[in-house]
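Read off the chains here:
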Amino acid sequence: MGILDLFLIAVGLSMDAFAVAICKGLSVKKATLKQGIIAGLYFGGFQAGMPLLGYLLGSNFAKYIEEFDHWIAFVLLGIIGINMIRESREKDEELNASFAPKAMLPMAVATSIDALAVGVSFAFMKVQIGWAVSFIGLITFTLSVIGVKIGNHFGAKYKSKAELLGGIVLIVLGIKILVEHLFGL
């Protein structure tokens, strides 16, 4: 997997966190850098940790399913992408203005569940996991900090578009993995 592929996966995975960070920015009167960093640490940390957990789980049974691992990666990325596109069409949820652990932890877990499945597919693709999860965490951290600021300035206008784009990116990457494997590209 190349750096561009990993970057696109990182951006695609971070779109849920970015959208929630925008909402967190909307919920406060004046967003501070500290609030952006708090959101970035929660979302980036969980977006890095979940694929690592998925990778460790997937590595234990990868040798048994190497013959069709590309199909699993394709299906997992496709399902995640379709789910993100579906979520982009749903009515917005009401978020509170708190950046306390009680408010942030459930959102960080909820926005990173899809990263767990991506981590499983990383095990099948034999990705260098330390580099991959660090990169995903850094991209998500950065986009979350930016999201809080954008939300505070521009409102909910871009939330659904971010989720839609993230879903499309993950579906395209799933197709790319399948095509590369099937046609030896």
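Here, the structure is the one placed above.
Residues numbered from 1 in each chain as written. Predicted model: local features only at pLDDT ≥ 70, side-chain atom pairs only at ≥ 80, totals over all residues. Heavy atoms only, no water.

K.L.:
Pulling in residues and values, what's your account of the overall build of the protein?
P.N.:
A tally of helices and strands in the protein yields 6 helices and 0 strands. Within the span of the protein, comprising 185 residues, buried residues form 48% of the whole. The long-range fraction of contacts in the protein, counting pairs at least 24 apart against all pairs at least 6 apart in sequence, stands at 95%. Total accessible area on the protein stands at roughly 9400 Å², and carbon and sulfur atoms take up 70% of it. (Helix = DSSP H or I, 4+ residues; strand = E, 2+ residues; numbered from the N terminus. Buried < 20%, exposed > 50% of the residue type's maximum accessible area, 1.4 Å probe, protein only. Contact = heavy atoms within 4.5 Å. Areas by Shrake-Rupley, 256 points an atom, 1.4 Å probe, with all protein chains shown as cover.)

K.L.:
Give a description of helix 4 (residues 101-125) that names residues and reports values.
P.N.:
Helix length check: helix 4 (25 residues) gives 34 Å between terminal C-alpha atoms against 36 Å at 1.5 Å per residue, within 8%. Along its length, helix 4 shows its largest kink, about 40°, at Ile113. Lys126, located one to two residues past helix 4, shows a positive phi value of around 55°. (Expected span 1.5 Å × (residues − 1). Bend = angle between axes of the 7 residues up to and from the residue.)

K.L.:
If you had to explain the nonpolar core to someone new, which residues and values would you point to?
P.N.:
Within the largest apolar cluster, 30 residues are counted, with the highest numbers of intra-cluster contacts made by Leu6, Ile9, Leu13, Val118, Phe122, Ile136 and Ile139. Listed by contribution, the elements that provide at least two residues to this core are helix 1 (3-27), helix 2 (33-61), helix 3 (69-89), helix 4, helix 5 (129-154) and helix 6 (159-183). Ranked by residue count, the leading element in this core is helix 1, at 8 residues. Beyond its immediate sequence surroundings of up to four residues, Val118 is in contact with Ile9, Leu13, Leu77 and Ile80. Within the second largest apolar cluster, 12 residues are counted, among which are Val20, Ala21, Phe43 and Phe99. (Core = buried A, V, L, I, M, F, W, Y, C linked by side-chain atoms within 4.5 Å.)

K.L.:
So what about the packing of helix 2 against helix 5? Which residues, and what values?
P.N.:
At their nearest, the axes of helix 2 and helix 5 sit 7 Å apart, and the two run at 155° to each other. By the angle class used here, helix 2 and helix 5 are roughly antiparallel. Helix-helix and strand crossings are classified by hand; for helix 2 and helix 5 the assignment is right-handed. Split by residue class, the contact of helix 2 with helix 5 holds 15 nonpolar, 8 polar and no charged. (Axes fitted to C-alpha atoms, helices over the stretch in contact; angles between N-to-C directions. Parallel < 35°, antiparallel > 145°, perpendicular 65-115°, else oblique. Left-handed = near helix turned anticlockwise from the far one by under 90°. Nonpolar A, V, L, I, M, F, W, Y, C, P; charged D, E, K, R; others polar.)

K.L.:
Let's hear about a nonpolar patch on the surface: which residues, and what values?
P.N.:
A cluster of nonpolar side chains, Phe68, Trp71, Ile175, Val179, Leu182 and Phe183, forms an exposed patch at the surface whose accessible area comes to about 580 Å². When residues in the nonpolar patch are grouped by element, the largest group, 4 residues, is from helix 6. When you line up the elements, Val179 lands in helix 6. (Patch = residues over 30% accessible without salt bridge, like charges linked within 9 Å, V, L, I, M, F, W, Y side chains within 5 Å. Salt bridge = Lys/Arg side-chain N within 4 Å of Asp/Glu carboxyl O.)

K.L.:
So, the side chain of Ser144: which residues are in play, and what are the values?
P.N.:
Inspection of the secondary structure assignment puts Ser144 in helix 5. Contact partners of Ser144, with chain neighbours within four places excluded, come to Ala17, Ala21, Ala39, Gly40 and Phe43.

K.L.:
Any chance you could break down the packing of aromatic side chains for me, citing the residues and the numbers?
P.N.:
Evaluated as defined, the whole model comprises 2 aromatic pairs. An aromatic cluster of at least three residues, connected via ring pairs, comprises Phe7, Trp131 and Phe135. (Phe/Tyr/Trp six-rings, centres within 6.5 Å; stacked < 30°, edge-to-face > 60°.)

K.L.:
Residues and numbers for the environment of Gly58, please.
P.N.:
As for its position among the elements, Gly58 is in helix 2. Beyond its immediate chain neighbours, meaning those up to four positions away, Gly58 contacts Val120, Ala123 and Phe124.

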